[in-house]
Every structure is written in structure tokens, then in C-alpha cells.
Amino acid sequence: MSTLDPAARAVALPCWRDPGRAEPIGGGITNRNYRIIDDGRVFMVRIGEDIPVHGILRWHEVMASKAAHAAGIAPRVVYHEPGALVLDYIDGRTFAEEDVRNPENLARLIGLIRTAHEKIPEHLRGPVLSFWVFQVLRDYAATLREAGSTHVGRLAGLLQTAETLEAAVGPVELVLGHNDLLAANILDDGDRLWLVDWEYAGFNSPLFDLGGLATNNGLNQHQEMFMLGRYFEGPVTGALWRSYTAMKCASLMRETMWSMVSEIHSELDFDYGAYTAENMARLEAALEDFRNV
């Protein structure tokens, strides 16, 4: 692990010819992001070590990033070393939640997600992690108990609910999921959309990415039905809707428990307590909808 502060480390990487200063880019809550101009070209630098409590292994992020670039949906990996990743800089606009809800953008995003799911596995090399959300939840619960979290009293109820949701999801198709479809991870350069930040990539059900896109960006039921019909190229059956709704709840539970763990383990300057409360409220609303399916 480097002893340099993140900005100094970004500038000191051996891949540069004549780097300028590291300009911070906001938005990262598991790493530090910088923009660096070197020899007239612009690059994005991500500085962050492994985070085992969240299943983040940087070697795997590099492999997934390379495969996503080969599939045509992510920037090129220029250089990497443990704890540092250099990418071509995408000169584009970062989406906000309202951009995802725009009908034209939503249609484009569904195509982007299908490309990720179907094409990235063609370019993967070596061992690949899975991202089964229900195992993530079980591990988070153990981590929170071991650390004596203030949320320990909620864990039994959350895990019992997770068991119900896992049964409702049922058998799944495996795809290579992005597994973190926040608006901030979607870029529009004016011609095409890009997906960035592959630290949670892994084999998963497509319903997790679709549910995450919905919950992270406030899609309404009409938009969700459009998304499912477009992705699966057919009518949305009652069985599909129930499986999707269960996975959507699991996605929100994962985001909630991710934040609970981050309250204890993260050193970044972010209000994780408020983020936990926000996602818990969204989870409770989604569970009420699930119970009425």
C-alpha cells in the first residue's frame, strides 16, 4: 500500500510522460477519482485499495474493465497497478437520475445493459467472481455483528426477509452484471452511452441490474414494465414481475446494508448514516409493493 496521499500517488504513477496536477472528480464513495492531462491527452485515474468487506478486489475490477472496453461500452484501461487504475477520459456528461428516467435515454440504457450482459463474457479472461446478492447480504450481516454495529437489532428481520425474497426470485439466468447502476456510473458523450466503475462486476441475474437501475433512479411502474418488456423482448408475465419485484427489494436491501457496513469501515468523507436512512425508507416502500404483488 502506498504511503502517498491519493492525489500525489496519481501524479507519481510511472505511466506518465509529463503529467499536470491531479484534478479531483467528485462522486466516488469507495475510491478517489482524478483527471490528469499528460502530454496533451486526458486521463481518468482511480485510486483505491481492495475493500474485502464489500467484495471489492481491484484485480477483478481491472479484468472486468478491460472486457467491458473490448465489448465497446467502457473506456480503455491505459495502466494499472495494485490500488491504481488509469483509463481514457470520456469527455461527456454524467447522468443524473432524471436523465435515466427520460424515455429516450431509458431505451438506450436497456440496450447498453443487454450488451454488457451478453458481450462482456466473450472477452473475460481468468477466474470471474459471482455477485449473488443474497450471499452478499448474509456476509454483511456477519460483518455487522462482528463489529457491534448499532444496526445489529435489525439484522434478524432483514435476513428473514431476504430468505423470502430469495425464494421469490427463483431460478435465474446468469449474465455478467455491472451490479452498481447508479446514474453517476453512466456517461453520455453526445453520440453514445458508456458504463464506468466495474468494481462490483460479477456473474448475476439480469434482474439485479434492472432492479438496481429502477431503485437507484426512481423509475415508476410504467417505466419498469417498459424496461422489462424491452429487455426480455416480450410481455411481462406475472411470474417475471414477482421475481423482478423481489430482486428489486434485494437490491435496495444490499444498498442499505452496504451503507451500514460503510458507516463502520469507510474512511471517506461521506454521510453514510443519512445514506442508510434514505435507503432503508426506500426498502420499506419497495417491500410493501412486493407484499401486494
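Only a predicted model underlies this, so the values are computations on that prediction, with no experimental measurement involved.

Side note on the overall build of the protein chain
Here is step 1 of the chain: A count of helices and strands for the protein chain gives ten helices and ten strands.
Here is step 2 of the chain: In terms of overall dimensions, the protein chain has a C-alpha envelope of 60 × 45 × 35 Å along the principal axes.
Here is step 3 of the chain: Residues counted as buried form 51% of the 293 residues belonging to the protein chain.
Here is step 4 of the chain: Residue pairs in contact within the protein chain that sit at least 24 positions apart in sequence constitute 68% of those at least 6 positions apart.
Here is step 5 of the chain: One way to put it: in the protein chain the 26 positive side-chain charges average out to a point 3 Å from where the 40 negative ones average out.

Considering the packing of helix H4 (residues 103–119) against helix H8 (residues 221–232)
Here is step 1 of the chain: Put simply, H4 and H8 touch, their axes get as near as 10 Å, and they point 40° apart. With respect to H8, the axis of H4 lies oblique. In this structure, H4 crosses over H8, and the sense of that crossing is right-handed. In this structure, H4 contributes Leu106, Ala107, Ile110, Ile113, Arg114 and His117 to the contact, and H8 contributes Gln223, Phe226, Met227, Arg230 and Tyr231.

Comments concerning the environment of Gly126
Here is step 1 of the chain: Assignment of secondary structure puts Gly126 in the loop between H4 and helix H5 (133–146).
Here is step 2 of the chain: A residue is classified by how much of its surface remains accessible, and Gly126, at 57% relative accessible area, is exposed.
Here is step 3 of the chain: It is 8.5 Å that separates the C-alpha atoms of Gly126 and Met63, two residues lying 63 residues apart in sequence.

Here's the deal with the environment of Ala214
Here is step 1 of the chain: Tracing the backbone shows Ala214 in helix H7 (residues 206–217).
Here is step 2 of the chain: Taking relative accessible area as the criterion, Ala214 reaches 4% and is therefore assigned buried.
Here is step 3 of the chain: With 32 residues separating them in the primary sequence, Ala214 and Leu182 have C-alpha atoms 9.5 Å apart.

Re the nonpolar core
Here is step 1 of the chain: Residues Ile120, Phe134, Trp198, Leu213 and Met257 are the most contacted members of the largest nonpolar core, which totals 73 residues.
Here is step 2 of the chain: In this structure Ile120 touches Ala67, Ala68, Ala71, Ile73, Thr115, Leu176 and Trp198, once residues within four positions along its chain are discounted.
Here is step 3 of the chain: Ala10, Phe43, Val45 and Ala84 belong to the second-largest nonpolar core, a separate cluster that totals eleven residues.

Considerations on the packing of H7 against helix H9 (residues 238–265)
Here is step 1 of the chain: The N-to-C vectors of H7 and H9 enclose an angle of 65°; their axes lie 8 Å apart at closest approach. Between H7 and H9, the interaxial angle falls into the category roughly perpendicular. With respect to the hand of their crossing, H7 and H9 are arranged in right-handed fashion. Contacts between H7 and H9 involve Leu207, Phe208, Leu210, Gly211, Gly212, Ala214 and Thr215 from the first element and Leu240, Ser243, Tyr244, Met247, Lys248, Ser251, Leu252 and Arg254 from the second.
Here is step 2 of the chain: Partitioned by chemical class, the residues of the contact of H7 with H9 number eight nonpolar, five polar and two charged.

Thoughts on H4
Here is step 1 of the chain: Spanning 17 residues, H4 covers 24 Å between terminal C-alpha atoms, matching the ideal 24 Å at 1.5 Å per step.
Here is step 2 of the chain: Every buried residue of H4 is listed here: Asn105, Leu106, Ala107, Leu109, Ile110, Leu112, Ile113, Arg114, Ala116 and His117.
Here is step 3 of the chain: Residues of H4 that are buried sit in contact with helix H3 (97–101), strand E7 (175–177), strand E8 (186–188), strand E9 (193–195), H7 and H8.
Here is step 4 of the chain: With a side-chain oxygen lying 2.9 Å from the backbone nitrogen of Glu104, the N-terminal cap of H4 falls on Asn102.

A word on the pairing of strand E3 (residues 41–47)
Here is step 1 of the chain: Across the seven residues of E3, five count as buried, placing the element largely inside the fold.
Here is step 2 of the chain: In terms of strand pairing, strand E2 (residues 32–38) meets E3 through seven bridges, oriented antiparallel. By the bridge assignment for E3, Tyr34 is matched with Val45.
Here is step 3 of the chain: Hairpin geometry of E2 and E3 is characterised by an intervening segment of two residues between the two adjacent antiparallel strands and by a positive phi of about 55° at Asp39.

Some points on helix H6 (residues 152–169)
Here is step 1 of the chain: Over its 18 residues, H6 runs 26 Å from end to end, which matches the ideal 26 Å to within 8%, given 1.5 Å per residue.
Here is step 2 of the chain: Those residues of H6 that sit buried are Leu155, Leu158, Leu159, Ala162, Leu165, Ala168 and Val169.
Here is step 3 of the chain: Looking one or two residues past H6, Gly170 carries a phi angle of roughly 75°, positive in sign.

Overview of the sheet that holds E3
Hydrogen bonds between backbone groups are what pair the strands of a sheet, and the pairing can be parallel or antiparallel.
Here is step 1 of the chain: Taken together, five strands build an open sheet; the order of strands is E1-E2-E3-E5-E4 and the sheet is antiparallel. Across the chains shown, the open sheet's two edge strands, defined by having one partner strand only, are strand E1 (23–25) and strand E4 (77–81). Neighbour-to-neighbour, the strand axes of this sheet turn through a mean angle of 25°, independent of strand direction.
Here is step 2 of the chain: As defined by bridge partners, E1 adjoins E2 across three bridges and the pair is classed as antiparallel. Counted as the bridge partner of Pro24 is Tyr34 from E2.
Here is step 3 of the chain: Taken strand by strand, helix H2 (residues 58–70) contacts E3, E4 and strand E5 (84–88), and its axis lies near 170° from that of E4.

Calculation criteria
- Residues numbered from 1 in each chain as written.
- Predicted model: local features only at pLDDT ≥ 70, side-chain atom pairs only at ≥ 80, totals over all residues.
- Heavy atoms only, no water.
- Helix = DSSP H or I, 4+ residues; strand = E, 2+ residues; numbered from the N terminus.
- Buried < 20%, exposed > 50% of the residue type's maximum accessible area, 1.4 Å probe, protein only.
- Contact = heavy atoms within 4.5 Å.
- Lys, Arg positive; Asp, Glu negative; His and termini not counted.
- Charge placed at Lys NZ, Arg CZ, Asp CG, Glu CD.
- Axes fitted to C-alpha atoms, helices over the stretch in contact; angles between N-to-C directions.
- Parallel < 35°, antiparallel > 145°, perpendicular 65-115°, else oblique.
- Left-handed = near helix turned anticlockwise from the far one by under 90°.
- Core = buried A, V, L, I, M, F, W, Y, C linked by side-chain atoms within 4.5 Å.
- Nonpolar A, V, L, I, M, F, W, Y, C, P; charged D, E, K, R; others polar.
- Expected span 1.5 Å × (residues − 1).
- Polar contact = N/O pair within 3.5 Å; in protein donor to acceptor, adjacent residues only side chain to side chain.
- Pairing = 2+ DSSP bridges.

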